[in-house]
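Per-entry structural report
Each chain, letter by letter, is given below.
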Amino acid sequence: KHVGRNGYHFFQPSMNTLAQAHLQLMNDLWLALDRHEFRLLYQPKFHAPAGPILGFEALLRWEHPQQGLLSPDLFLPLAEKTGLIVPLGNWVINEACRQLREWHLQGHTEWSMAVNLSTLQFEQPALVRTVLDCLARHQLPPESLILEVTETTAMSNPDESVRVLTELTNAGVKASIDDFGTGYSSLLYLKRLPACELKIDRAFVKELSGESEDATIVSAIVALAKTLNLKVVAEGVETTAQQAFLTQLGCNTLQGYLLGKPVTPQAVDALCSQAVPPEGASAL
Ligand code: C2E
Ligand code: MG
Ligand code: MG
Ligand code: MG
């Protein structure tokens, strides 16, 4: 400690370089919000099998001045550890709502917006207030916002999750359980969680085929969702075979590179201003 804030010479030289790169990224990350380097891409969610578009999921990117466009996997864990995820997450909620309002004003009032929440964000006492203030600021109906919380986050403190999600859904906001199947849900809590949908994790979609074990798992999740009155979204749909099979198994909503990759809002606008696509063509 006595070496002060910049004394990292207790590391091995190779370690020093790594640690410095890490610290540099951490430093850049704190500045990035003020420097307006974060962007949101929007990935469409389709009514199975091929449309119409029901809405979009906002996915965060960092336009790093030297390193280019960075995926959330590269900086979200750091943002979560340092607490930056709270102001950053608030920026995401606001920016996604601002964009949705724009699309609603263009006539796409049926579109919803899904926003991912991290565990730390979900634990903020001010979350409900923040979300409701944001909806009011952008004059959006609460029903048009879907908050995606991973199964792991929801189950890390189940009683608290039930309380927070109940408060949000009482106000009209929707909740979605993301990456479903990768956590350890208690069925008792799942029953009490006031969510509107389960998103089947991409891992189960990847090797889906008639004979695969994953098909049995997807069928079981669909049956469970039906019992609990939840919609089922499949993420990571990349092939027409997966699209057909997931639809046949009873998934209501599909999301994936096959139907639409995460794109800039300008790309969404450009595609919407084009003529109606020919029969059978995907809208994005
Ligand atoms: P997620 O919410 O489960 O989002 C799905 C991820 O799968 C996204 O990765 C998306 O780009 C990718 N994906 C979508 N379709 C396909 C496909 O067909 N094939 C493949 N291989 N991948 C597909 P992305 O954008 O890198 O985001 C990764 C994770 O980072 C997200 O997983 C979410 O947990 C988190 N995340 C993203 N944006 C935010 C945010 O604004 N706030 C928070 N707290 N977390 C975020
Ligand atoms: Mg998600
Ligand atoms: Mg997911
Ligand atoms: Mg994920």
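About the cut-offs
- Residues numbered from 1 in each chain as written.
- Chains lettered and ligands numbered in written order.
- Predicted model: local features only at pLDDT ≥ 70, side-chain atom pairs only at ≥ 80, totals over all residues.
- Heavy atoms only, no water.
- Helix = DSSP H or I, 4+ residues; strand = E, 2+ residues; numbered from the N terminus.
- Buried < 20%, exposed > 50% of the residue type's maximum accessible area, 1.4 Å probe, protein only.
- Contact = heavy atoms within 4.5 Å.
- Donors = N, O, S within 2.8 Å, 3.2 Å for Na, K, Ca; no water.
- Lys, Arg positive; Asp, Glu negative; His and termini not counted.
- Salt bridge = Lys/Arg side-chain N within 4 Å of Asp/Glu carboxyl O.
- Near = heavy atom within 4 Å.
- Polar contact = N/O pair within 3.5 Å; in protein donor to acceptor, adjacent residues only side chain to side chain.
- Areas by Shrake-Rupley, 256 points an atom, 1.4 Å probe, with all protein chains shown as cover.
- Nonpolar A, V, L, I, M, F, W, Y, C, P; charged D, E, K, R; others polar.

As recorded in an unreviewed UniProt entry, the protein goes by the name Bifunctional diguanylate cyclase/phosphodiesterase, listed as coming from Pseudenterobacter timonensis.

We now examine the overall build of the protein. When its secondary structure is counted, the protein shows twelve helices and nine strands. By its C-alpha atoms, the protein is 65 × 45 × 40 Å across when sized along the principal axes. In the protein, which comprises 284 residues, the share counted as buried stands at 45%. For the protein, the proportion of contacts with a sequence separation of at least 24, taken over those separated by at least 6, is 67%.

The subject of this paragraph is the coordination of the magnesium ion (ligand 2). Those protein atoms acting as donors to the magnesium ion (ligand 2) are E57 (OE), N116 (OD1), E148 (OE) and D178 (OD), and they sit at 2.0 to 2.3 Å. Written as a sequence motif, the donor residues of the magnesium ion (ligand 2) are E-x58-N-x31-E-x29-D. Distance-wise, the magnesium ion (ligand 3) is placed 4.1 Å from the magnesium ion (ligand 2), both being coordinated by D178. You can see E57 sitting in strand 2 (residues 53-64) and its partner E148 sitting in strand 5 (residues 145-150), a full 91 residues away along the chain. Of the two residues, E57 and E148, neither departs from the other in class, the shared state being buried.

By the element assignment, D28 lies in helix 1 (residues 13-34). One buried charged side chain, D28, makes no salt bridge at all; its nearest oppositely charged neighbour is R35, positioned 5.3 Å away. Aside from chain neighbours lying at most four places away, what touches D28 is W62 and H64.

This next bit is on the site of ligand 1. In the vicinity of ligand 1 there are 23 residues, among which R61, N116, D178, E238 and Y257 approach most closely. Within the side chain of Q43, one N or O atom sits 3.0 Å away from a nitrogen atom of ligand 1. For ligand 1, the protein covers 86% of the area, taking 800 Å² as the surface of the free molecule. At the level of elements, strand 2, helix 2 (72-82), strand 4 (112-117) and strand 6 (174-180) are the ones that each hand at least two residues to the shell around ligand 1. Counting residues per element, the shell around ligand 1 draws most heavily on strand 2, which supplies four residues. By residue class, the composition of the shell around ligand 1 is nine nonpolar, six polar and eight charged.

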